[in-house]
Amino acid sequence: MTIPNLPKDLVEEVLSFVPATYLKRLSSTCKPWNRLIHNDKRFARKHFDNAAKEFLVFMLRKNFRICRLSFNLHGTDPSAEVKGELTLPDPNFKNSADQFKIDKVFHCDGLLLCTSKLERRMVVWNPLTGETKWIQIREERGTFVLGYSQDKNKSCNKSYKIMGFYRSGDEVWEYDLNSDSWRVLDGIRPKWYLGGSCRCVSLKGNAYMLALGITDMGLRLSLLKYDFSTEKYVPVTLPFPSDARSFNIANRLSVVRGEKLALLYRPPDKRSKTEVWVTKKIDDTTEGAVSWTKVLALDLSREPHISFKTNFLVDEEKKVFMCCVRLREDGDENKSKDKVYIVGEDNEVKEIDFGVNATSGSWPTILSLYVPSLVQIQQAGGKRERSD
């Protein structure tokens, strides 16, 4: 293949509009392109701003692995298909077949933050480039959120950080990927944070979380935004009354195409329909006042197997709700099935079986839409590591 002798600036401008997964394939075309795609932070930021976003669906399965799901929501018979597993070799083992046992996953800017309930380690991972950063933590169990702080005068200057809550204490910890260091964020922990990865999401670099606590008006359900730049919480308006009666353990958060929040709301009255609410587009200037629209009202009373223990996805345009569950196999307590449920606004339910597995392992979870990117992981000392 002959590469035209075009001006460097023109080549860079053209490549910055190529979607990330296609650009990754072009990295082997020639050495200058390889250096540009893999090693140029400035180009990575430019590409993130210019290129059309690709949206992939990932699912965390019971074998602690992440696989890609392909959904077909066209027509009257929606379907889902597993497209293969992602590999994350564990550097603590010499055998490359030994994978890190992932328990929870958070997504921000094409980076995945993966934790394990079996390890005092977590990893920030770019599945597209294979780059990783392994981080030690104090305890095996906790909730961690990946986000970033940003200088308002330098839009391309993002500093990625991790906020963490441990079950054993009231402190909030923050890890800075630049300095490779932890510190305590004094006086900001909401002691009534509900915990769990499905009640906390990352959007536009900020963390959004559901919380329940005592205020001057009594016990209230709240939605909080944590801004990594200001290190402050901002209350976000909810689309329903925030008194304690509005609380249900099944309430969940999700992200819609990297631009909006989605809220799964199950009213206290079990006879009421399960509601899915979506905000208008959220940008860097959005504070606490947001506008919500109810996009789905689902009668799931006849579907006792549909669980709300994990994340969900919603296709706002097609009015479709998606979640996954684990069901024990009849007659064998040591085996179970992973299933995906797709529910439309007509309350028609499509059940998709992904086979029988051993019951041990992580709970199957559909992850928020993943957007592949060339974003580089900040390493202390400038050293970069890859898992491939």
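Preceding block: the structure.
The text that follows walks through the structure, step by step, so that each part is easy to find. These numbers come from a predicted model, not from an experiment.

Rules used throughout
- Residues numbered from 1 in each chain as written.
- Predicted model: local features only at pLDDT ≥ 70, side-chain atom pairs only at ≥ 80, totals over all residues.
- Heavy atoms only, no water.
- Core = buried A, V, L, I, M, F, W, Y, C linked by side-chain atoms within 4.5 Å.
- Buried < 20%, exposed > 50% of the residue type's maximum accessible area, 1.4 Å probe, protein only.
- Helix = DSSP H or I, 4+ residues; strand = E, 2+ residues; numbered from the N terminus.
- Axes fitted to C-alpha atoms, helices over the stretch in contact; angles between N-to-C directions.
- Parallel < 35°, antiparallel > 145°, perpendicular 65-115°, else oblique.
- Contact = heavy atoms within 4.5 Å.
- Nonpolar A, V, L, I, M, F, W, Y, C, P; charged D, E, K, R; others polar.
- Pairing = 2+ DSSP bridges.

1. Focus: the nonpolar core
In this structure, Leu113, Val124, Ile162, Met163, Met209 and Tyr226 are the most contacted members of the largest nonpolar core, which totals 33 residues. Those elements that place two or more of their residues in this core are strand E4 (104–108), strand E5 (111–115), strand E6 (121–125), strand E8 (142–150), strand E9 (158–166), strand E10 (172–176), strand E13 (206–215) and strand E14 (218–227). Sort the elements by how many residues they give to this core and E9 lands first, with five residues. With 27 residues, the next largest nonpolar core counts Ala44, Leu86, Cys114 and Leu374 among its residues.

2. Section: the packing of helix H1 (residues 8–15) against helix H4 (residues 41–50)
As a packed pair, H1 and H4 sit with axes 9 Å apart at the nearest point and diverge in direction by 45 degrees. Considering the angle they form, H1 stands oblique to H4. Residue-level contacts link Glu12, Glu13 and Leu15 of H1 to Arg42, Phe43, Lys46, His47 and Asn50 of H4. Per-class residue counts for the contact of H1 with H4 are two nonpolar, two polar and four charged.

3. Quick word on the sheet that holds E9
The sheet built from four strands is open, its strands ordered E8-E9-E10-E11 with antiparallel pairing. Across the chains shown, the open sheet's two edge strands, defined by having one partner strand only, are E8 and strand E11 (181–185). Between one strand and the next, the sheet's axes are offset by a mean angle of 30 degrees, whatever the strand orientation.

4. Points about the sheet that holds strand E17 (residues 260–265)
Taken in spatial order, the four strands line up as E16-E17-E18-E19 in an open sheet, and their pairing is antiparallel. Because the sheet does not close on itself, it has two edges, and the strands there are strand E16 (252–256) and strand E19 (292–298). Sheet twist, expressed as the average angle between the axes of neighbouring strands with direction ignored, equals 25 degrees. As paired elements, strand E18 (residues 274–279) and E19 share six bridges and run antiparallel to each other. When the bridges of E19 are listed, Thr279 appears paired with Trp292.

Limitation: the analysis is restricted to geometry and does not speak to function.
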